[in-house]
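# Geometric and topological summary
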Amino acid sequence: MNLALSDEQEFLKEAAQGALARVATIEAARAAIEDEAQRPDLWPLAVGAGWPGLVIAEQRGGAGLGIFEALLIAEETGRALAGVPLLGLLPATLVLDAARDETCEAVASGERRPVHVPARPAARATDEAWSVDAVTGGGRGPALRARVRGGTAVVSGAAGHVVDAPGADLLTAVAVSESGAPICVVIEAAAKGVSVAPVRSYDATRALAHITLDDAPARVLPVDDAIMARAWYFAQALIAAESLGAVQPCLEMSVAYAQERFTFGRPIGSYQSIKHEIVEILRLMDNARSLQYFAGWSGESAPEEFALAASAARSGAGRALAFASRALINVHGGIGATWEHDAPLFFRRAQVSSRLVGGTHDASSRVASELLASTGTP
């Protein structure tokens, strides 16, 4: 297994950095806290970069790239705290492409924007089946319900805090049919019975919405359980990549300030407590990057390992960003806790990311369950 980036992958990262550099994303994140209407619409940037078709096959109008490349792009958006709607988009394109759906070309061109409503598959046979993030509270909500009639269905239910849902044209989702089997559906966001209610987020760079369906008409996508589960773990890996990207500027800002800030005649970076904190950011970041690269590799080359790898990446990157964002504030002292510094923006990203799409704790529990099961522990 060679996890060194190829020349093409390095170019993809550089191209993403160049595209994102054209937007003052950090300044926009600060402005959006006061007024979410000032959050820039980065969909045109994503379309111009070709990201909507990233994982759609070339014969359906896409770039035909894989999960590894998608994670590299997500890492760059996280580094810039850019609200590019990839977390909702890419899992949706994964299932649409697997179904060879008629909308793929319009999606790949950016004419239509889909969003996936994340549904968590069961971890063990004793678990409840599919579930979604609840609209209220911190628990899980029941999966959407569907009445199937041939290739169509009517879908009801609710899902909370769906990322990138405001303004989407299509919704892809997992619903449980009358027989108890999961099915994957695609729904027009403007259809009768569909409500997409935007939610104000603590991280103003995130566009979130509660989705409520009341006998909403849908088309059934011909994909199996493995593809539906793969969309969930793809979302886990994408959040991991975004979080890993956000750790890098936390480290860079901490190191720079530790070198330039003097107290008692010496730079604060010479003090052991500051050294240890910064080195811990680096350690956690490198661990998370290894896990991310393994998740990207397994997504294409070892799909049977992707669920565990993506969950481990989510757990490791979530822990890394949680620590790095706090350390960034600690290293800067009083100024780090004020709005005059960018540190609180990264702290907000860490807090919200840790709760979306099941949450970091859910990914950690999934890893623990898998490891215990592999040892035969009940």
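Our subject is the structure that appears above.
To start, this report covers the structure provided alongside it. What you see is a predicted model, and the numbers here were worked out from it, not measured in a lab.

### Thoughts on the packing of helix α2 (residues 25-34) against helix α10 (residues 343-353)
When two helices pack together, you describe them by how their axes are tilted relative to each other and by the distance separating the axes. For the pair α2 and α10, interaxial distance at closest approach is 10 Å and the crossing angle is 75°. If you check the angle between α2 and α10, you find them roughly perpendicular. Where α2 approaches α10, its residues Ile26, Ala29, Arg30 and Ile33 are matched on the opposing element by Leu345, Phe346 and Arg348. Among the residues forming the contact of α2 with α10, the class breakdown is 5 nonpolar, no polar and 2 charged.

### Concerning the packing of helix α7 (residues 225-260) against helix α9 (residues 306-332)
The N-to-C vectors of α7 and α9 enclose an angle of 25°; their axes lie 7 Å apart at closest approach. As judged from the angle between their axes, α7 and α9 are roughly parallel. Two packed elements cross with a definite hand, and for α7 against α9 that hand is left-handed. Classifying every residue of the contact of α7 with α9 by side-chain character gives 22 nonpolar, 6 polar and 2 charged.

### Focus on a negative patch on the surface
Together, Asp7, Glu8, Glu10 and Glu14 give the surface a local cluster of negative charge. In this fold, Glu8 is placed in helix α1 (residues 7-20).

### Looking at the side chain of Ser298
Assignment of secondary structure puts Ser298 in helix α8 (residues 272-301). For Ser298, a relative accessible area of 0% gives the class buried. At 3.0 Å, the side chain of Ser298 and the backbone oxygen of Ala295 are in polar contact. Ser298 has contacts with Pro303, Glu305, Phe306 and Ala309, leaving out every residue within four places of it along the chain.

### Considering the environment of His341
Its place among the elements puts His341 in the loop between α9 and α10. Excluding its chain neighbours within four sequence positions, the residues that come into contact with His341 are Arg30, Met253, His332, Ile335 and Gly336. At 3.1 Å, the side chain of His341 forms a polar contact with the side chain of His332.

### Comments concerning the nonpolar core
The biggest cluster of nonpolar side chains holds 84 residues, and the ones touching the most others in it are Trp51, Val84, Leu90, Val155, Ile187, Leu213 and Phe234. Examining the composition of this core, we find that 11 residues originate from one element, α7, more than from any other. Setting aside residues no more than four positions away along its own chain, Leu213 makes contact with Leu144, Val155, Ser156, Gly157, Ile187, Gly193 and Val194. By size, the runner-up hydrophobic cluster in this structure holds 37 residues, among which are Ala204, Leu244, Ile274 and Ile329.

### Quick notes on the pattern of salt bridges
In this structure the tally under the stated criterion is 18 salt bridges. Close ionic contact of Arg219 with Asp101 constitutes a salt bridge, the shortest N to O distance being 2.8 Å. Of this pair, Arg219 sits in strand β9 (residues 208-221) while Asp101 sits in the loop between α5 (86-98) and α6 (104-108), and the two are 118 residues apart along the sequence. On the accessibility criterion, Arg219 (28% relative accessible area) is partly exposed. Ionic pairing is found between Glu242 and Arg206, a salt bridge with its closest N-O pair at 2.6 Å.

### Things to note about the layout of surface pockets
Taken as a whole, the largest pocket holds about 450 Å³ of empty space. In terms of lining residues, the largest pocket is bounded by 23 residues, among which Asp133, His161, Val352, Arg355 and Leu356 are the most central. The biggest single contributor to the lining of the largest pocket is helix α11 (residues 360-374), with 3 residues. Across the lining of the largest pocket, the residue classes tally to 6 nonpolar, 11 polar and 6 charged. Here the second largest pocket is characterised by a volume of approximately 270 Å³. In terms of lining residues, the second largest pocket is bounded by 19 residues, among which Arg39, Pro40, Gly83, Pro85 and Ala207 are the most central. Taken together, the residues of the lining of the second largest pocket break down into 9 nonpolar, 2 polar and 8 charged.

### Section: the packing of aromatic side chains
In the structure shown here, the tally under the stated rule is 2 aromatic pairs. Pairing Phe68 with Tyr293 gives two aromatic rings, centres 5.4 Å apart and planes at 40°, and the pair type is tilted. Remark: Tyr293 occurs in helix α8 and Phe68 occurs in helix α4 (residues 67-79); sequence separation between them is 225 residues. No difference in accessibility class separates Phe68 from Tyr293, as the two residues are buried. With 5.7 Å between their ring centres and 25° between their planes, Phe294 and Trp297 make a pair best called stacked. With a gap of 3 residues between them, Phe294 and Trp297 both fall in helix α8, about one helical turn apart. For Trp297, a relative accessible area of 24% gives the class partly exposed. Here Arg113 stacks its cationic end above the ring of Trp43, 5.8 Å away from the centre of that ring. The lysine or arginine in question, Arg230, covers the ring of Phe306, its NZ or CZ lying 5.4 Å from the ring centre.

Calculation criteria
Residues numbered from 1 in each chain as written. Predicted model: local features only at pLDDT ≥ 70, side-chain atom pairs only at ≥ 80, totals over all residues. Heavy atoms only, no water. Axes fitted to C-alpha atoms, helices over the stretch in contact; angles between N-to-C directions. Helix = DSSP H or I, 4+ residues; strand = E, 2+ residues; numbered from the N terminus. Parallel < 35°, antiparallel > 145°, perpendicular 65-115°, else oblique. Contact = heavy atoms within 4.5 Å. Nonpolar A, V, L, I, M, F, W, Y, C, P; charged D, E, K, R; others polar. Left-handed = near helix turned anticlockwise from the far one by under 90°. Patch = residues over 30% accessible without salt bridge, like charges linked within 9 Å, V, L, I, M, F, W, Y side chains within 5 Å. Areas by Shrake-Rupley, 256 points an atom, 1.4 Å probe, with all protein chains shown as cover. Salt bridge = Lys/Arg side-chain N within 4 Å of Asp/Glu carboxyl O. Lys, Arg positive; Asp, Glu negative; His and termini not counted. Charge placed at Lys NZ, Arg CZ, Asp CG, Glu CD. Buried < 20%, exposed > 50% of the residue type's maximum accessible area, 1.4 Å probe, protein only. Polar contact = N/O pair within 3.5 Å; in protein donor to acceptor, adjacent residues only side chain to side chain. Core = buried A, V, L, I, M, F, W, Y, C linked by side-chain atoms within 4.5 Å. 1 Å grid on protein atoms, 1.4 Å probe; cavity = no way out; pocket = protein on both sides within 12 Å on 5 of 7 lines; lining within 4 Å. Points joined across faces, edges and corners; volume = space filled by probe spheres on them. Phe/Tyr/Trp six-rings, centres within 6.5 Å; stacked < 30°, edge-to-face > 60°. Lys NZ or Arg CZ within 6 Å of the ring centre and 35° of its normal.

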